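Geometric and topological summary
For reference, the chains in residue letters:
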Amino acid sequence: MVFSSLVFLYLFLPLNLLLYFFCRRTSARNLVLLLFSLLFYAWGEPLYIFLLMLTALLDYFHGRLLERHQGTWKAKAILAASLTINLGLLGFFKYAGFVVESLNAVLPMALPVPAVRLPLGISFYTFQTLTYIIDVYRGRVGAQKSYRDYLLYLSLYPQLVAGPIVRYADVASELHDRRSNPDDIAYGALRFCIGLGKKVILANTAGQLSAPILDGNLAALSVAEAWYGIVLFALQIYFDFSGYSDMAIGLGRIFGFHYYENFHYPYLSRSVSEFWRRWHISLGSFFRDYVYIPLGGNRRHLWRNLAITWLLTGLWHGASWNFVLWGALFGILIILERLGWGKVLTKIPRFFSHLYLLLAVLVGWVLFYYTDIGRAGELFSVLLGFGAASVTDALFTARFMNNLFFFAAAILACLPWAPRLRDLLLTKGRTYNPALLAILQIIVCILLLAVSTAMLVGESYNPFLYFRF
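Below, the structure is looked at part by part. (Residues numbered from 1 in each chain as written. Predicted model: local features only at pLDDT ≥ 70, side-chain atom pairs only at ≥ 80, totals over all residues. Heavy atoms only, no water.)

Phe8, Tyr157, Tyr267 and Trp365 are the most contacted members of the largest nonpolar core, which totals 135 residues. Sort the elements by how many residues they give to this core and helix α9 (residues 223-254) lands first, with 16 residues. (Core = buried A, V, L, I, M, F, W, Y, C linked by side-chain atoms within 4.5 Å. Buried < 20%, exposed > 50% of the residue type's maximum accessible area, 1.4 Å probe, protein only. Helix = DSSP H or I, 4+ residues; strand = E, 2+ residues; numbered from the N terminus.)

Now for the packing of helix α2 (residues 26-44) against helix α6 (residues 147-155). Relative to each other, α2 and α6 sit at 50°, their axes nearing to 9 Å. In terms of their interaxial angle, α2 and α6 are classed as oblique. For the pair α2 and α6, the crossing hand works out as left-handed. Across from Ser27, Asn30, Leu31, Leu33, Leu34, Ser37 and Leu38 in α2, the residues of α6 making contact are Arg148, Asp149, Leu151, Leu152 and Ser155. (Axes fitted to C-alpha atoms, helices over the stretch in contact; angles between N-to-C directions. Parallel < 35°, antiparallel > 145°, perpendicular 65-115°, else oblique. Left-handed = near helix turned anticlockwise from the far one by under 90°. Contact = heavy atoms within 4.5 Å.)

All right, on to the packing of aromatic side chains then. How two aromatic rings sit relative to each other is given by the distance of their centres and the angle of their planes. Tallying each qualifying case throughout the model produces 63 aromatic pairs. Between Trp326 and Phe368, the aromatic rings sit 5.0 Å apart at their centres with planes inclined by 65°, giving edge-to-face as the arrangement. You can see Trp326 sitting in helix α13 (residues 321-347) and its partner Phe368 sitting in helix α14 (residues 350-369), a full 42 residues away along the chain. Residue Trp326 is classed as buried on the basis of its relative accessible area, which comes to 0%. On the accessibility criterion, Phe368 (1% relative accessible area) is buried. Here the basic side chain of Lys94 rests over the ring of Trp316, its NZ or CZ set 5.2 Å away from the ring centre. (Phe/Tyr/Trp six-rings, centres within 6.5 Å; stacked < 30°, edge-to-face > 60°. Lys NZ or Arg CZ within 6 Å of the ring centre and 35° of its normal.)

The next thing to look at is a nonpolar patch on the surface. A grouping of Val99, Leu103, Val106, Leu107, Met109 and Leu111 is seen on the molecular surface, where their side chains present a nonpolar patch of about 480 Å² in accessible area. Following the sequence through the fold, Val99 ends up in helix α4 (residues 73-106). Accessibility expressed as a relative area gives 44% for Val99, which makes it partly exposed. (Patch = residues over 30% accessible without salt bridge, like charges linked within 9 Å, V, L, I, M, F, W, Y side chains within 5 Å. Areas by Shrake-Rupley, 256 points an atom, 1.4 Å probe, with all protein chains shown as cover. Salt bridge = Lys/Arg side-chain N within 4 Å of Asp/Glu carboxyl O.)

Here we come to the pattern of salt bridges. Applying the stated criterion to the full structure yields eleven salt bridges. Asp177 is the partner of Arg179 in a salt bridge, and the nearest nitrogen-oxygen pair spans 2.9 Å. Residue Asp177 is classed as partly exposed on the basis of its relative accessible area of 48%. Residues Arg278 and Glu274 are paired through a salt bridge, measuring 3.0 Å at the closest nitrogen-oxygen approach. Here Arg278 and its partner Glu274 are both found in helix α10 (residues 272-278), four residues apart, which amounts to about one turn of the helix.

Spelled out as structure tokens, the structure:
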């Protein structure tokens, strides 16, 4: 089940909200959320729901044992067991086929490739349970005493299948004691509708426009059309993932959970380092706190630590060499920025540093889009003008002009004008009518929901790109 579906919007979510707010005690509300979360997951993964429940059960006991044996050699053994099991499951389901295919390609072997379907959201909930186990081991959080509440943390459907990666430490207290006041509910509803609009109106449309260009005959493309196609994909993946994060944050707020932001206008960045502080923030902070810093961070073996971190970042996104190259590209650029290029970017005019970032990201999205490295190389050739049919042509002009309004609206939606307008209205010393602001928010919610619903009716193109990770 996906958020941007009519079943979710008009059956699953209303029924969940009705039963949730009918209950008064937090324990009863937790039970409602748990049952709906398991149903949400089972809707798409009826078999692998048992894998999710087993993961929660094992780490529930691991957490209890870690707390009991804190500071002893047994705690290290328990931590090692948990890491081995979790990373082993993730490695088997996500990377077994990739490893066997790679071995067959470089060695005179013909090993059978495992045909294993990737469990939905395993990359996200594995990382979440790792934050719990590691933080209990470090003594930063206490072990959860209730398996049911730990299973709720791991399976909570707003962020289960595509993030953001929510650390246990950030929601531990809210699992037992939280309130949903009218302001939180209103904010959550608005945030959810904004995310829904991003996904359905912007991401789906951008995907429908980019797919015929990037999936077609690349040799027939003009240079302009190739650049247009990859820019559309850049818009699609941003609105797809940030829209999902908005919906997750909004739903969480309605239920009384406060999730951290996962995107902060990343295309405004002036360097790759800044981009990754703004893009998929929960993933970047996970690798920083649980991989990069434990390896030594900036203190020792800096280049090794960066290389390992970005290799793992690339592999996390997919079991394919294109993702390894994608991670390597950003790792190399960040190393160059650490060596001095970053200081240059802060001194040159903003236009040029921003242009550098956009070019670097678009090159990265080419590698991200094509699992077939040959296809990626073919598009690079067209982008540079070597393999292009022409610089521009009538087909590109027609496509661009027919979608000019959408393209302009999508670019505008990448900019922080909306929060700045709201902050302007709420600035101290200025008079505004709170009731009018509330009415405007309600109108925005209704319009976004209505337009999204209309677009979903009969719509066949509605993928969530990050579900495959």
